[in-house]
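So you can see what is in the structure, the chains are spelled out below.
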Amino acid sequence: PRIEENISLLPGTQDEFIGRMRAQTRNRIRKHIRQIKAAHPSYAFDCPVREEIRAEDIEAVVALADLRMASKNLPPYIAPSEVPCLVGLARSHGCLARIHIDGRLVAGTLLFSVGRRYFSRLISHDPRFDPYGLGNQLQLQAILWCIDQGATEFWMMGGNIVDKARFLTERRMLNGLTVYRSTGDAIRGWRTFGRNAIRKQAFDVREALRLGAGAPGVKGQTFKHLIKLASVTRLACKRAMRLAEGRRSRLQ
């Protein structure tokens, strides 16, 4: 297993999509939009595309992502060195669904389009607006915007399966396949063979934790804490690896 994705197959119209959503979810998001617009009349949604996207727009979304991770006592998951790559890709294949209040970006999701598929790469919002469910507002408005562009699929990245299922997604695993011509080739390629075995084992452990988290009572809570601990550890390892790579590049 290489990549986990939550994919929403989109109908032809916004009304069809909204009609398929659970009434409770649909009504809650609409209520939050009314409330935040009443409290902040300058609230505005837009979606610049490709050359209209500025580097500072991407930097603002990354800054919000860092702020949100800090509010959860988690390390950032976007390295500064990744931002120029995101900007370049945004200007060739991207669109940036965003929400402004008083002229300040408070929520944004960076999408890339290939054909009629739209891929969410980065999403964040100001945690101070959590009572309004700003993340869900942004997701819905981004999906509806994509439907207007003729999109047939919306890929929402992995994780948070229950939350993303509100937007009619189905979980899908994308697998890698390593083919060896013989047992001898597998032995000679023991490093790749070992890495693949470790990745598969790690995936199986995460799946067991995910299934355990759905159990009622103390058992389910224990598994949820284990998932959070695993997430924190994984992010910390990635951050350490990025720092090490940065040091090596400076030395070179």
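The structure reproduced in this document is the subject of the present report. Just so you know, these numbers come straight off a predicted model, no measurement behind them.

1. Some details on the packing of aromatic side chains
Here a ring pair, both rings aromatic, is described through the centre-centre distance and the interplanar angle of the planes.
Turning to step 1, where the next piece is worked out: Per the counting criterion, the structure on display carries 3 aromatic pairs.
Turning to step 2, where the next piece is worked out: Consider the rings of Tyr118 and Trp145, whose centres lie 6.3 Å apart with planes at 85°: the pair is edge-to-face. Taken together, the positions of Tyr118 in strand β5 (residues 117-125) and Trp145 in helix α5 (residues 134-148) put the pair 27 residues apart, joining distant regions of the chain. Each of the two residues, Tyr118 as well as Trp145, counts as buried.
Turning to step 3, where the next piece is worked out: Seen in terms of ring centroids, Phe119 and Trp155 are 4.9 Å apart; in terms of plane orientation they differ by 45°. Their pairing is tilted. In this pair, Phe119 sits in strand β5 while Trp155 sits in strand β6 (residues 153-155), placing the two residues 36 residues apart along the sequence.
Turning to step 4, where the next piece is worked out: The class for Phe119 is partly exposed, based on a relative accessible area of 23%.
Turning to step 5, where the next piece is worked out: For Trp155, a relative accessible area of 10% puts it in the buried group.

2. Re the pairing of strand β1 (residues 3-9)
Turning to step 1, where the next piece is worked out: The pairing of β1 with strand β7 (residues 169-174) spans 6 bridges and is classified as antiparallel. Bridge pairing in β7 places Ser8 opposite Thr169.
Turning to step 2, where the next piece is worked out: Two elements, β1 and β6, share 3 bridges in a ladder whose sense is antiparallel. Bridge pairing links Ser8 to Phe154 in β6.

3. Details of the pairing of β5
Turning to step 1, where the next piece is worked out: Where strand β4 (residues 104-114) meets β5, 8 bridges bridge the pair, whose relative direction is antiparallel. Bridge assignment links Leu111 to a residue of β5, and that residue is Ser120.
Turning to step 2, where the next piece is worked out: Between β4 and the antiparallel strand that follows it, β5, lie 2 residues; Gly115 among them carries a positive phi value of about 65°.
Turning to step 3, where the next piece is worked out: Pairing geometry for β5 and β6, over 3 bridges, is parallel. By the bridge assignment for β6, Tyr118 is matched with Phe154.
Turning to step 4, where the next piece is worked out: Where the polypeptide runs from β5 across α5 and back to β6, its parallel neighbour, the crossover connection is right-handed.

4. Points about the packing of helix α2 (residues 23-39) against α5
Turning to step 1, where the next piece is worked out: The interhelical angle for the contact between α2 and α5, taken along N-to-C directions, is 110°, at an axis separation of 10 Å. By the criterion of interaxial angle, the relationship of α2 to α5 is roughly perpendicular. Only Leu134, Asn136, Gln137, Leu140 and Gln141 of α5 make contact with α2, whose side of the interface consists of Ile29, His32, Ile33 and Ile36.
Turning to step 2, where the next piece is worked out: For the contact of α2 with α5, the class distribution of residues is 5 nonpolar, 4 polar and no charged.

5. A closer look at the side chain of His125
Turning to step 1, where the next piece is worked out: With respect to the secondary-structure elements, His125 resides in strand β5.
Turning to step 2, where the next piece is worked out: Residue class for His125 comes out buried when judged on its relative accessible area of 8%.
Turning to step 3, where the next piece is worked out: Here the side chain of His125 touches Asp130 through a polar contact of 2.8 Å, side chain to side chain.
Turning to step 4, where the next piece is worked out: With sequence-adjacent residues up to four places away left out, His125 is seen in contact with Leu64, Arg68, Val106, Ala107, Asp130, Leu134 and Gly135.

6. Concerning the nonpolar core
Turning to step 1, where the next piece is worked out: One finds Phe17, Leu134, Phe154 and Phe167 to be the most contacted residues of the largest nonpolar core, which totals 32 residues.
Turning to step 2, where the next piece is worked out: When contributions to this core are tallied by element, the ones reaching two or more residues are α1 (14-20), α2, β3 (94-101), β4 and α5.
Turning to step 3, where the next piece is worked out: Broken down by element, the residue count for this core peaks at 9 residues, all from α5.
Turning to step 4, where the next piece is worked out: What Leu134 contacts, discounting residues up to four positions off in sequence, is Ile36, Tyr43, Ile99, Val106, Ala107, His125 and Phe129.
Turning to step 5, where the next piece is worked out: Ranked by size, the runner-up nonpolar core spans 16 residues in total, among them Val61, Ala65, Leu86 and Leu122.

7. A word on α5
Turning to step 1, where the next piece is worked out: Between the first and last C-alpha of α5 there are 21 Å, a value that for 15 residues agrees with the 21 Å anticipated at 1.5 Å per step.
Turning to step 2, where the next piece is worked out: Following α5 by one or two positions, Gly150 adopts a phi angle in the positive range, close to 90°.

Reading guide: rules and limits
- Residues numbered from 1 in each chain as written.
- Predicted model: local features only at pLDDT ≥ 70, side-chain atom pairs only at ≥ 80, totals over all residues.
- Heavy atoms only, no water.
- Phe/Tyr/Trp six-rings, centres within 6.5 Å; stacked < 30°, edge-to-face > 60°.
- Helix = DSSP H or I, 4+ residues; strand = E, 2+ residues; numbered from the N terminus.
- Buried < 20%, exposed > 50% of the residue type's maximum accessible area, 1.4 Å probe, protein only.
- Pairing = 2+ DSSP bridges.
- Right-handed = clockwise from strand over helix to strand, strands pointing away.
- Axes fitted to C-alpha atoms, helices over the stretch in contact; angles between N-to-C directions.
- Parallel < 35°, antiparallel > 145°, perpendicular 65-115°, else oblique.
- Contact = heavy atoms within 4.5 Å.
- Nonpolar A, V, L, I, M, F, W, Y, C, P; charged D, E, K, R; others polar.
- Polar contact = N/O pair within 3.5 Å; in protein donor to acceptor, adjacent residues only side chain to side chain.
- Core = buried A, V, L, I, M, F, W, Y, C linked by side-chain atoms within 4.5 Å.
- Expected span 1.5 Å × (residues − 1).

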